[in-house]
Amino acid sequence: MKKLSIAMLSMVLAGSMLLTACGGGNTQPAENTGSDDTQQSETAENTEGGVLRMGTNATFPPYEYMDENNEVAGIDAEIAAAIADKLGMELEITDMAFESLIPALQAGTIDIVLAGMTVDPERAEQVNFTDTYATGVQVVIVPENSDIAPVENEEGAMEVDLTGKTIGVQTGTTGDLYCTDDYGQEFVKQFDNGPLAVAALMNGQVDCVVIDNEPAKNYVAANEGLKILDTAFANEDYAAAIAKDNTELFEQVNTAIQELKADGTIQTIIEKYIPAEAE
Ligand code: GLN
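Peer 1: Would you take a moment to explain the environment of Val-151 for this structure?
Peer 2: Topologically, Val-151 is positioned in strand β9 (residues 151-152). You can call Val-151 exposed: its relative accessible area is 52%. Sequence spacing of Val-151 and Thr-231 is 80 residues, and the spatial spacing of their C-alpha atoms is 9.0 Å. If we skip the residues at most four places from it in the chain, Val-151 touches Ala-157, Met-158 and Glu-159.

As structure tokens, then:
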């Protein structure tokens, strides 16, 4: 399975290098210096003056999505641009399957992941996580007329039991891991991305989708007849991930994130995409 995803990843990367060579790649300068220095991208070091190669999965609005110019936009792209700016680096974003992100870090084909990626102990054995920069909640999306409903547990919190239901998830996400652990693999259908899982829900192929709350809100707004259950399946923290052996970059990025948190930049970026809800 790992071998397969690495092979697929190299195909994706080969494809994107081809695009870059043709001038159609998704290279986004951290700041507009007015000079065309994108030629350096293949040889540059991952330090000042170099290229910060970020991997993400751009089907996860508002954290990352493809904008009308076919470039990766969203909270993570803006935070990464602010980090690259602080480090004096040029940001280059590659879109790939979520489950390919950690293998790509380990293979050294990308330097950093910002992908609404949840800090999780198993992942932390494979990569280093920076300080967290946002929070997420795993939620359950169901059709409006679904019989799946949260009930109050002994502590007075709303809880949902998905036993026996067919659950759609995005492969390799925490939603996938939790549901596989809790309900068994035979009840969990994996999809390459959230929109495909939601399409399967619309077609009746799955009974519900477990996914992060902000993308869930976007998917529900884009598809009629769906709702998000009033229950928090799990609360999570998002952080950037960097390869274990890339300690110099890790220190620089972590300091940048700490500064961008302290001066309110990250909060401003998040609020631009997720306006504080009126209580
Ligand atoms: N937060 C979830 C995870 O880390 C999903 C992230 C995503 O799909 N981009 O697994």
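Peer 1: Looking at this model, I keep getting lost on helix α6 (residues 194-202). Mind explaining?
Peer 2: Every buried residue of α6 is listed here: Gly-194, Ala-197, Val-198, Ala-200 and Leu-201. Buried residues of α6, seen end-on, are gathered within an arc of 155° and therefore sit on one face of the element. With a side-chain oxygen lying 3.0 Å from the backbone nitrogen of Leu-196, the N-terminal cap of α6 falls on Asn-193. Downstream of α6 by a residue or two, Gly-204 has a phi angle that is positive, lying close to 80°.

Peer 1: I keep staring at the packing of helix α2 (residues 75-87) against helix α8 (residues 247-262) and nothing clicks. Help me out?
Peer 2: Packed helices, taken two at a time, are described by their axes: the angle between them and the distance between them. Contact geometry for α2 and α8: axes closest at 9 Å, N-to-C directions at 115°. Compared by their axis directions, α2 and α8 come out roughly perpendicular. Considering only the axes of α2 and α8, their crossing is right-handed. Between α2, through Ile-79, Ala-82, Ile-83, Lys-86 and Leu-87, and α8, the contact on the second element is made entirely by Leu-249, Gln-252, Val-253, Ala-256, Ile-257, Glu-259 and Leu-260. The class makeup of the residues in the contact of α2 with α8 is nine nonpolar, one polar and two charged.

Peer 1: Just checking my understanding: could you explain the site of the ligand for this structure?
Peer 2: Close contacts around the ligand come from 13 residues, with Gly-116, Thr-118, Gln-170, Thr-174 and Asp-212 the closest. Backbone polar atom of Thr-174 to an oxygen atom of the ligand: 2.8 Å apart, as the coordinates give it. Residues of the shell around the ligand, tallied by class, amount to five nonpolar, five polar and three charged.

Peer 1: So what exactly am I meant to see when it comes to the packing of aromatic side chains here?
Peer 2: Tallied over the entire structure, the rule returns two aromatic pairs. A ring pair is formed by Phe-60 and Tyr-63, whose centres lie 6.2 Å apart and whose planes are at 45°; its orientation type is tilted. Each member of the pair, Phe-60 as well as Tyr-63, is classed as buried. Ring centres of Tyr-63 and Tyr-238 lie 5.1 Å apart, and the angle between their planes is 85°; this geometry places the pair in the edge-to-face category. Of this pair, Tyr-63 sits in the loop between β3 (59-60) and β4 (64-66) while Tyr-238 sits in strand β15 (residues 234-243), and the two are 175 residues apart along the sequence. Taking the relative accessible area as the measure of exposure, Tyr-63 reaches 2% and is therefore buried. One aromatic cluster is present, formed by Phe-60, Tyr-63 and Tyr-238 through successive ring pairs.

Peer 1: How do you make sense of the state of the cysteines when you look at a structure like this?
Peer 2: Two cysteines form a disulfide when their sulfur atoms are joined by a covalent bond. The tally for this structure, following the rule as stated, stands at zero disulfides. Unpaired in terms of disulfides, Cys-208 finds its nearest cysteine sulfur in Cys-179, a separation of 7.0 Å.

Peer 1: Can you help me understand the environment of Leu-87 in this one?
Peer 2: Note that Leu-87 resides in helix α2. Assessed through its relative accessible area of 10%, Leu-87 is described here as buried. Distance from Leu-87 to Glu-48, taken between C-alpha atoms, is 5.9 Å for residues 39 residues apart in sequence. Aside from chain neighbours lying at most four places away, what touches Leu-87 is Glu-48, Leu-249, Gln-252, Val-253 and Ala-256.

Peer 1: Help me understand the pattern of salt bridges, please; the structure alone is not making it clear to me.
Peer 2: Pairs can form between side chains of opposite charge whenever their charged atoms are close. According to the stated counting rule, one finds five salt bridges in the structure shown. Across the salt bridge formed by Asp-111 and Arg-53, the nearest N and O atoms sit 2.7 Å from each other. Of the two residues, Asp-111 sits in the loop between α3 (101-107) and β7 (112-113) while Arg-53 sits in strand β2 (residues 51-56), which places them 58 residues apart along the sequence. Residue class for Arg-53 comes out partly exposed when judged on its relative accessible area of 26%. Lys-86 is the salt-bridge partner of Glu-259, the closest N and O atoms lying 2.9 Å from each other. Linking Glu-259 in helix α8 with Lys-86 in helix α2, this pair joins segments that are 173 residues apart in sequence. Accessibility expressed as a relative area gives 37% for Glu-259, which makes it partly exposed. With relative accessibility at 39%, the residue Lys-86 sits in the partly exposed group.

Peer 1: Before we go on, may I ask you to explain α8 in this structure?
Peer 2: Spacing of three or four residues puts side chains on the same side of an α-helix, whose turn is 3.6 residues. With 16 residues, α8 extends 22 Å from end C-alpha to end C-alpha; this agrees with the ideal 22 Å at 1.5 Å per step. Against β2, α2, β7, β8 (127-143), β15 and α9 (265-273) lie the buried residues of α8.

Parameters and conventions
- Residues numbered from 1 in each chain as written.
- Predicted model: local features only at pLDDT ≥ 70, side-chain atom pairs only at ≥ 80, totals over all residues.
- Heavy atoms only, no water.
- Helix = DSSP H or I, 4+ residues; strand = E, 2+ residues; numbered from the N terminus.
- Buried < 20%, exposed > 50% of the residue type's maximum accessible area, 1.4 Å probe, protein only.
- Contact = heavy atoms within 4.5 Å.
- Arc of directions from axis to C-beta.
- Polar contact = N/O pair within 3.5 Å; in protein donor to acceptor, adjacent residues only side chain to side chain.
- Axes fitted to C-alpha atoms, helices over the stretch in contact; angles between N-to-C directions.
- Parallel < 35°, antiparallel > 145°, perpendicular 65-115°, else oblique.
- Left-handed = near helix turned anticlockwise from the far one by under 90°.
- Nonpolar A, V, L, I, M, F, W, Y, C, P; charged D, E, K, R; others polar.
- Near = heavy atom within 4 Å.
- Phe/Tyr/Trp six-rings, centres within 6.5 Å; stacked < 30°, edge-to-face > 60°.
- Disulfide = S-S within 2.5 Å.
- Salt bridge = Lys/Arg side-chain N within 4 Å of Asp/Glu carboxyl O.
- Expected span 1.5 Å × (residues − 1).

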